[in-house]
Amino acid sequence: MIYLDFEKPIAELNEQLDKIKEVQNIGDVDVSKTISDIEKQIASKTKEIYSNLTPWQQVQVSRHPQRPYTLSYIENIADEGSFVELHGDRTVADDKAMVGGMASINGETIMFIGQQKGINTKMRQYRNFGMPNPEGYRKALRLMKIAEKFNKPVVCFIDTPGAFPGLEAEERGQGEAIARNLFEMAKLKVPLICVVIGEGASGGALGIGMGDRVFMMENTWYSVISPENCSTILWRSWDHKEEAAEKMKLTSSDMKKLGLIDGVIKEPIGGAHSDPEVAYKNVKKAILDSLSQLRDMDDQKRVAARIKKFASMGHTEEA
């Protein structure tokens, strides 16, 4: 288990627990009560810490290397063996940072799309650390259009530190690809559900983030810029990233209060990585509940409501 810096008290208790269990395994001493006491302390301390996370700590949890990624959600939410991945944008290449394909939940076919970071160093390089190129967004749009053609709902999982900022990405039209997705998603005729499962940074996240229902998992963030880069711009260093995270109002609770998302999906105490099965279950419920509401709406009314929702965001005052 990998522990974050603020989880040090939990790590120390788990270390004690491991040592006590070793004593139990090599001797005849009954330490069951001690084990039970330490397990209760771990549960209590975890609840205490995770009930009072700062915005920066929530950002850290959203980036936890053991946190489930898009393909894990798809494979565990969908009916067993039903996922068929689709590849390529039919123009340039198959962007490995953007994945998608058809799968079914309880027999209903759904198009799943999302950014994939990779579960180890080699896979993170292969997936470009979850930062799509223009062809990734064009692949996502192609899959949405396939879903629209066959009247299948679309579910997007958002988890990216941003679209790839390289020169070659700009040369191939990164900005245009994201803008085109926003334009097309606004008028897509099928139900469209978006879930931020990790990091939701900049236009890279928004490029697959315009849905009838937009959810964030409890310990995720959604903003135009990361706290580190915000700190760099304002203070010329990363040293103020915690202050930046606080000021940016980027957490799920902040976003819900501001009316920028439709709901927050609860995570198990300790974060989604501590009990992925609970995280999968909660996300699946949110998707199914939303589909039951959206499925019965007229297509034109659903599109009109989607456009109105995003057009109404923001607040202005006349001086």
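Our subject is the structure listed above.
Below is a summary of the structure that appears in this document. Keep in mind that what you see is a predicted model, and the values were worked out from it rather than measured. All chains use their own residue numbering, which begins from 1 and follows the written sequence. Confidence filtering applies because this is a predicted model: local features only for residues at pLDDT of at least 70, side-chain atom pairs given and counted only at 80 or more, and all residues used for totals across whole chains, interfaces and linings. By convention in this description, side-chain values take in all heavy atoms of the structure and omit both hydrogens and water.

**Notes on the nonpolar core**
Then, number 1: Counting 31 residues, the largest nonpolar core has Ile113, Met144, Val154, Cys156, Ile208 and Tyr222 as its most contacted members.
Then, number 2: Listed by contribution, the elements that provide at least two residues to this core are strand 2 (98–105), strand 3 (108–115), helix 6 (134–149), strand 4 (154–160), helix 8 (174–186), strand 5 (192–201) and strand 6 (213–217).
Then, number 3: Strands here are runs of E lasting at least two residues and helices are runs of H or I lasting at least four, both read from the DSSP assignment and numbered beginning at the N terminus. When residues in this core are grouped by element, the largest group, five residues, is from helix 6.
Then, number 4: By definition, residues are in contact when any of their heavy atoms lie within 4.5 Å. Apart from residues lying up to four places away in sequence, Ile208 is in contact with Met98, Gly114, Gln115, Tyr137, Ala140, Met144, Cys156, Phe157, Ile158, Asn181, Met185 and Cys194. By nonpolar core is meant a set of buried Ala, Val, Leu, Ile, Met, Phe, Trp, Tyr and Cys residues that side-chain atoms within 4.5 Å join together. Buried, partly exposed and exposed residues are distinguished by accessible area as a fraction of the type maximum, computed with a 1.4 Å probe on protein chains only: under 20%, between the cut-offs, and over 50%, respectively.

**Describing the packing of aromatic side chains**
Then, number 1: A pair of aromatic rings is counted whenever rings of Phe, Tyr or Trp (Trp by its six-membered ring) have centres within 6.5 Å, and the orientation is called stacked for planes under 30 degrees apart, edge-to-face for over 60 and tilted otherwise. Tallied over the entire structure, the rule returns four aromatic pairs.
Then, number 2: Their ring planes at 10° and their centres at 6.0 Å tell us that Phe112 and Phe157 sit as a pair that is stacked. Of this pair, Phe112 sits in strand 3 while Phe157 sits in strand 4, and the two are 45 residues apart along the sequence.
Then, number 3: Taking relative accessible area as the criterion, Phe157 reaches 0% and is therefore assigned buried.
Then, number 4: The rings of Tyr73, Phe112, Phe157 and Tyr280 are connected pair by pair, giving a single aromatic cluster.

**Side note on helix 1 (residues 8–26)**
Then, number 1: With 19 residues, helix 1 should reach 27 Å at 1.5 Å per residue; the first-to-last C-alpha distance of 27 Å fits that figure.
Then, number 2: Where helix 1 is concerned, the buried positions are Ile10, Ala11, Leu13, Asn14 and Leu17. The arc enclosing the buried residues of helix 1, seen along the axis, measures out at 160°, which places them on a common side. Among the exposed residues of helix 1, those oriented more than 90 degrees off its buried face are Lys8, Glu22 and Ile26.
Then, number 3: Tucked inside the fold, the buried residues of helix 1 contact helix 2 (32–50). The length a helix should cover is 1.5 Å for every residue beyond the first. Throughout, the arc means that of the directions going from the helix axis to the C-beta atoms.

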